[in-house]
Amino acid sequence: MKSFIAIFLLFIFVDIFPQDSTFFRNDSLRILNDSLRISTDTTRLADTVTQKKYDVDTVIYAKSTDSLIFFIKKREMNLYGKSELQYKETDLKSGNIKVDFNTNNIDAVGVPNDTVPGKIGDTPILSEKGEVYEGKKMTYNFKTLKGFISSAETEMEGAIYSGEKIKKVDKDTYFIENGIYTTCNADTPHYCFYGSEMKVIHKEQIISKWIWLYFGGVPFPVPIPFAVFPIESGRRSGILPPAFGDNANYGRYFSRFGYFWAINDYVDINFTGDYFTRGSYNVNSRFRYYKRYDFSGELNGGYSNFVTGEASDLERSKSINWNIRWNHNQEIDPTMRFDANLQFMSGKDYNLRTSTNLNDVLNRNIESNANFFKSWEEAGTSLSLSYTRNQNLDNGNIDERLPNLTFNKSQSYPFRRKNSIGQQKWYELFGYSYSGNFLNKRTKTDGFLNTRGGIAHQVGFSFSPKVGYISLTPNLSYSENWYNKRTVVEKISSPQTGRDTIIERDDYEINMVRTFRTGLSASTKFYGIFQPNALGVSAIRHTVSPSISYNFTPDFSKPFWGYYDTYIDTNGNVQKYDKFRREIFGGVSARESQSISLSIGNNIEMKTVVDPTDTSSQEKKIQLLNFDVSTGYDFTADSLNFAPLRLGFRTQVADFFSFSGGSTFSFYDWAPGKREINEFLISKGKGLARLTDFNITITTSLSGEKLKSKSKDTTGQAPLPESDYDMNRRNSTYHNIYEEKEPDFSIPWNIDLSYTYYMSKPTPLQVLKTSTISGSINFNLTPNWKFSFTGSYDIINKQIAAPQIVISRDLHCWLMNFSWNPIGAYRGYRFEIRVKAPQLQDLKITKRDSFYSGK
């Protein structure tokens with residue numbers, strides 16, 4: 001990237017060449033009267049002289065294709081023919097270079113072109129640290145650090161500026177006569193700013209008065225009295241320009257006007273506001289902080305006051321809302337981290353009136369969470385302390401969990417030897433795990449607050465011996481919940497009405513609820529291999545993974561356990577209830593459970609043949625199909641003991657096609673008014689099972705080969721390095737409706753399609769179907785025209801949902817986008833032509849309608 005640089009050559013000053021000819025240390029040098037001619041094309045000049053101190057502190061390199069001449073008495077040096085001077089990181093190239101040590105001036109000019117009459121070649125080029133400055137003639141004083149260049153042009157951070165004369169007045173300040181500023185790199189810029197007087201502050205800004213904006217060489221009839229163009233890379237402080245519009249409810253407005261302050265490399269803050277002519281306003285602020293590899297986060301706050309109606313209206317209303325959001329991510333050390341994403345909002349109206357983010361507008365729940373995590377890997381334990389909050393914007397209900405403390409001990413084998421050699425003993429297969437959870441839940445519903453808390457302990461025991469090819473896993477799980485409340489249900493008789501009422505109340509006392517469950521599972525694997533060695537296929541392997549498990553849970557509602565109580569209802573009947581059903585971890589099982597679960601997994605893979613003629617060829621393993629079958633049987637159910645038969649399948653072909661789905665079958669017959677009855681289909685001669693659910697999803701993604709980059713940049717500007725904040729914003733799932741995805745003209749076409757079909761058939765007379773195809777299609781009409789369509793189509797109802805059409809045109813240094821939402825709640829269009837360069841992102845023409853205009 002070329003950029004404007006301070007012109008200085010520290011390697012030149014008056015006493016660089018002493019009168020003693022031994023300084024050159026070269027036998028081939030010969031003195032001719034008052035001059036010294038060097039016939040070689042390169043010379044290395046030493047930067048130190050015995051017993052004399054000079055400003056030059058390193059080696060200077062001088063080179064020319066014709067000749068290099070020193071005039072000792074005149075104290076001058078001339079270089080002819082593709083000359084070059086190098087000192088440290090500074091490099092000057094030109095057709096001819098003249099150095100005058102009396103005036104401390106350097107003059108560099110080009111030379112006439114031998115093949116093209118009237119054209120000057122080898123014009124001066126000065127570069128330092130990758131920054132380049134070019135012109136037809138250059139004069140520079142290396143003592144005062146001042147100079148000028150005629151007919152100069154340079155580029156920095158994608159911005160190009162030129163002028164008839166450029167004068168340097170100090171290290172970082174330049175003045176340009178008849179200057180032109182643009183971000184278009186065409187030989188004749190498609191647009192530019194022209195000013196007779198310009199001031200450039202190196203790597204900061206360009207300042208000019210009476211600026212004329214040119215389009216295609218034609219000036220805009222009205223000049224700009226004063227303009228400041230930022231040429232500083234990266235984050236920088238400055239004013240955030242507003243957007244103007246009209247709202248039917250609140251009047252004309254200007255929005256998002258404010259100031260951005262880049263405090264330092266780690267912290268920045270902005271202040272923005274919206275103002276409406278009928279008295280409404282909204283203010284926002286965002287504070288961001290970031291330290292690489294340590295922590296990052298941001299704090300957002302907003303306050304709005306929206307007024308509806310005129311001052312004299314009786315129905316005039318005022319709505320005040322606020323919003324606070326904090327996001328923080330920090331890795332304290334490899335075993336400890338803290339993450340928080342908290343948001344608090346006064347009500348649903350805030351997003352509807354202030355946000356231009358579609359996700360915020362449509363979302364009716366606010367999720368907040370914070371979590372501190374610490375692990376001890378050697379001990380196999382971890383600790384987590386978290387806070388969660390859910391706020392429903394429609395009814396105002398709030399669900400909070402604070403604190404939520406969890407301690408986990410991973411599977412451990414207490415009898416296993418540390419340095420086990422050979423086959424393990426049977427007792428070494430015994431393992432256990434532990435999980436503890438302290439949880440307090442606060443629920444606010446319709447203004448009433450309900451608080452529940454408790455401590456849960458879970459201990460799991462396992463034993464995994466292997467009998468032949470079968471792995472047996474007996475297990476036992478023990479749970480113990482501690483509560484400080486229990487539910488009491490009783491009948492209250494009213495003396496006034498004479499009626500009985502059943503009420504529920506909390507009785508505060510410490511209780512421990514102990515439960516357990518046990519089971520046994522067995523699993524194995526077997527394989528089948530087919531080796532065709534044809535059509536590039538070496539082998540096909542089918543892996544079958546059957547497993548069966550038995551689980552038992554006692555009936556804890558029996559009086560022996562003491563977890564249930566009774567009351568007499570208003571009809572005089574005795575009713576049984578769970579005393580802990582309203583507690584945070586729930587109550588206990590009301591019936592005994594004995595069940596068997598059966599599943600069979602199938603995995604079909606293919607291995608390709610290695611090409612014997614290609615030494616770099618390798619075999620590839622490709623998954624063709626995953627197919628699973630599962631069912632079960634409940635011994636203690638009073639009816640419908642067999643669980644439905646469930647089938648699932650999925651496959652993935654390379655990166656462009658995937659196929660998945662599933663189905664459910666019932667073994668039982670049905671009757672009018674009932675989904676299932678306790679009679680098998682096979683006993684009625686209706687087959688083994690009937691289909692109750694079916695779903696399938698097919699997705700594909702295809703794209704044309706990305707066009708090779710051209711040697712010359714055709715985008716009109718060089719890309720800027722992306723900051724970590726910008727990268728996180730780009731990867732975020734939340735996008736502003738004004739932040740449309742940049743079209744990629746280098747990809748000629750791409751298609752993303754997805755088809756989903758779902759059928760629910762609880763009875764043969766009840767059928768519910770959905771069939772939807774959705775996706776996006778993008779293709780280049782020409783190398784500079786791109787057409788995009790996104791949306792979905794309901795095949796059954798024959799309706800299009802949320803379609804959007806985008807047409808983009810690459811105008812070299814400009815970009816045109818036309819977005820159209822033809823139907824739906826957010827229908828409307830947006831047309832925009834803007835400059836690509838980020839430093840001139842507000843130089844644009846925009847037209848919006850309907851939803852876009854209201855925001």
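Structure shown above.
Since the structure is predicted, the reported quantities are computational estimates derived from the model, not experimental observations.

**A short note on the overall build of the protein**
Scanning the protein from terminus to terminus reveals four helices and 52 strands. Counting every position in the protein, which comprises 855 residues, the buried fraction comes to 36%. Pairs at least 24 residues apart make up 49% of the contacts formed inside the protein by residues separated by at least 6 positions. For the protein, the exposed area adds up to about 49,900 Å²; of that, 55% sits on carbon and sulfur atoms.

**Some words on unusual backbone geometry**
A negative phi angle characterises most non-glycine residues, just as the trans form characterises most peptide bonds. In this structure, the amide linkage connecting L402 to the following residue, P403, adopts the cis form with an omega of -5 degrees. In this fold, P403 is placed in strand β31 (residues 398-412). The phi torsion at W210 lies on the positive side, around 50 degrees, for a residue other than glycine. Looking at the secondary structure, you find W210 in strand β18 (residues 205-215). Of the residues examined, W210 reaches a relative accessible area of 51% and is grouped as exposed.

**Digging into the nonpolar core**
By size, the foremost hydrophobic cluster in this structure holds 37 residues, and its most contacted members are M77, I97, Y181, Y191 and F193. Sort the elements by how many residues they give to this core and strand β17 (residues 191-201) lands first, with four residues. With residues near it in sequence (within four places) discarded, I97 still touches M77, N78, L79, S83, E84, L85, L92, I106, D107 and A108. Residues Y483, Y563, I584 and V588 belong to the second largest nonpolar core, which totals nine residues.

**Some points on the environment of K93**
Note on placement: K93 falls in strand β7 (residues 90-100). You can call K93 partly exposed: its relative accessible area is 39%.

**Topic: the packing of aromatic side chains**
Per the stated rule, a full pass over the model turns up 39 aromatic pairs. For the ring pair Y250 and F276, a centre distance of 5.6 Å and an interplane angle of 65 degrees mean the geometry is edge-to-face. Here the residue Y250 occupies a position in the loop between β22 (243-247) and β23 (251-262), and F276 occupies one in strand β24 (residues 267-276), the gap between them amounting to 26 residues. Assigned by exposure class, Y250 and F276 land together as buried. The interplanar angle of 55 degrees and the centroid separation of 5.8 Å between the aromatic rings of Y567 and Y577 together place this pair among those described as tilted. One end of the pair, Y567, is in strand β39 (residues 564-568); the other, Y577, is in strand β40 (residues 574-578), with 10 residues separating them in the sequence. Pairwise contacts between aromatic rings join Y483, F516, F556, F560, W561, Y563, F580 and F585 into one cluster. Looking at K74, its charged tip hangs above the ring of F71, at a distance of 5.7 Å from the centre. A cation over a ring is seen here: R416 above Y413, with NZ or CZ 3.9 Å from the ring centre.

**Some details on the pattern of salt bridges**
Throughout the structure, instances matching the rule amount to 27 salt bridges. R288 serves as the salt-bridge partner of D268, at 3.1 Å between the closest nitrogen and oxygen. Residue D268 is located in strand β24, and its partner R288 is located in strand β25 (residues 281-291); the two are separated by 20 residues in the primary sequence. Residue D268 shares its accessibility class with R288, and that shared class is buried. The network of salt bridges with common partners includes R452, E504, D506, R581, R582 and E583.

**Looking at the state of the cysteines**
Under the criterion given, the structure shown has zero disulfides. C184 takes part in no disulfide bond, and the closest cysteine sulfur to it belongs to C813, at a distance of 3.5 Å. On the basis of relative accessible area, C813 is assigned to the buried category, the value being 2%.

**Looking at a nonpolar patch on the surface**
There is a patch of nonpolar side chains on the surface, built from Y275, Y281, V283, L299, Y303, I320, W322 and I324 and spanning about 700 Å² of accessible area. No other element matches the three residues that strand β27 (residues 317-333) contributes to the nonpolar patch. By the element assignment, Y281 lies in strand β25.

**Some thoughts on the pairing of β17**
Relative to β17, strand β16 (residues 173-182) runs antiparallel, the two being bridged by eight bridges. Bridge assignment links Y181 to a residue of β17, and that residue is F193. Examined bridge by bridge, β17 and β18 share eight bridges and lie antiparallel to one another. Counted as the bridge partner of Y194 is W212 from β18. Where β17 folds back onto β18 in an antiparallel hairpin, the turn is made up of three residues, including K203, whose phi is positive at roughly 60 degrees.

**Some remarks on the environment of G436**
Its location among the elements puts G436 in strand β32 (residues 430-445). The class of G436 is buried, set by a relative accessible area of 10%. When the C-alpha atoms of G436 and I455 are compared, they prove to be 7.3 Å apart, with 19 residues separating the residues in sequence. For G436, the contacting residues outside a window of four places in its chain are L405, T406, F407 and A456.

**With respect to the pairing of β23**
Of the pairings in the sheet, the one linking strand β21 (residues 238-240) to β23 comprises three bridges and is antiparallel in character. The partner of G238 across the bridge, within β23, is F260. As judged from the five bridges shared by β22 and β23, these two strands associate in the antiparallel manner. By the bridge assignment for β23, G245 is matched with Y253. The antiparallel pairing of β22 with β23 creates a hairpin that spans three residues between the two strands. Sheet analysis places β23 next to β24, joined by eight bridges and oriented antiparallel. For W261, the partnering residue across the bridge sits in β24 and is I269. Linking β23 to β24, which pair antiparallel, is a turn of four residues.

**What to know about the environment of A539**
Tracing the backbone shows A539 in strand β38 (residues 537-553). Each C-alpha atom, one on A539 and one on V609, is 8.3 Å from the other, the two residues being 70 residues apart in sequence. Residues in contact with A539, not counting those within four places in the same chain, are I529, F530, Q531, P532, E605, M606 and K607.

**Focus: the side chain of S462**
Residue position: S462 is located in strand β33 (residues 448-463). Polar side-chain contacts of S462 include one of 2.5 Å to the side chain of Q411.

The rules behind each value
- Residues numbered from 1 in each chain as written.
- Predicted model: local features only at pLDDT ≥ 70, side-chain atom pairs only at ≥ 80, totals over all residues.
- Heavy atoms only, no water.
- Helix = DSSP H or I, 4+ residues; strand = E, 2+ residues; numbered from the N terminus.
- Buried < 20%, exposed > 50% of the residue type's maximum accessible area, 1.4 Å probe, protein only.
- Contact = heavy atoms within 4.5 Å.
- Areas by Shrake-Rupley, 256 points an atom, 1.4 Å probe, with all protein chains shown as cover.
- Core = buried A, V, L, I, M, F, W, Y, C linked by side-chain atoms within 4.5 Å.
- Phe/Tyr/Trp six-rings, centres within 6.5 Å; stacked < 30°, edge-to-face > 60°.
- Lys NZ or Arg CZ within 6 Å of the ring centre and 35° of its normal.
- Salt bridge = Lys/Arg side-chain N within 4 Å of Asp/Glu carboxyl O.
- Disulfide = S-S within 2.5 Å.
- Patch = residues over 30% accessible without salt bridge, like charges linked within 9 Å, V, L, I, M, F, W, Y side chains within 5 Å.
- Pairing = 2+ DSSP bridges.
- Polar contact = N/O pair within 3.5 Å; in protein donor to acceptor, adjacent residues only side chain to side chain.

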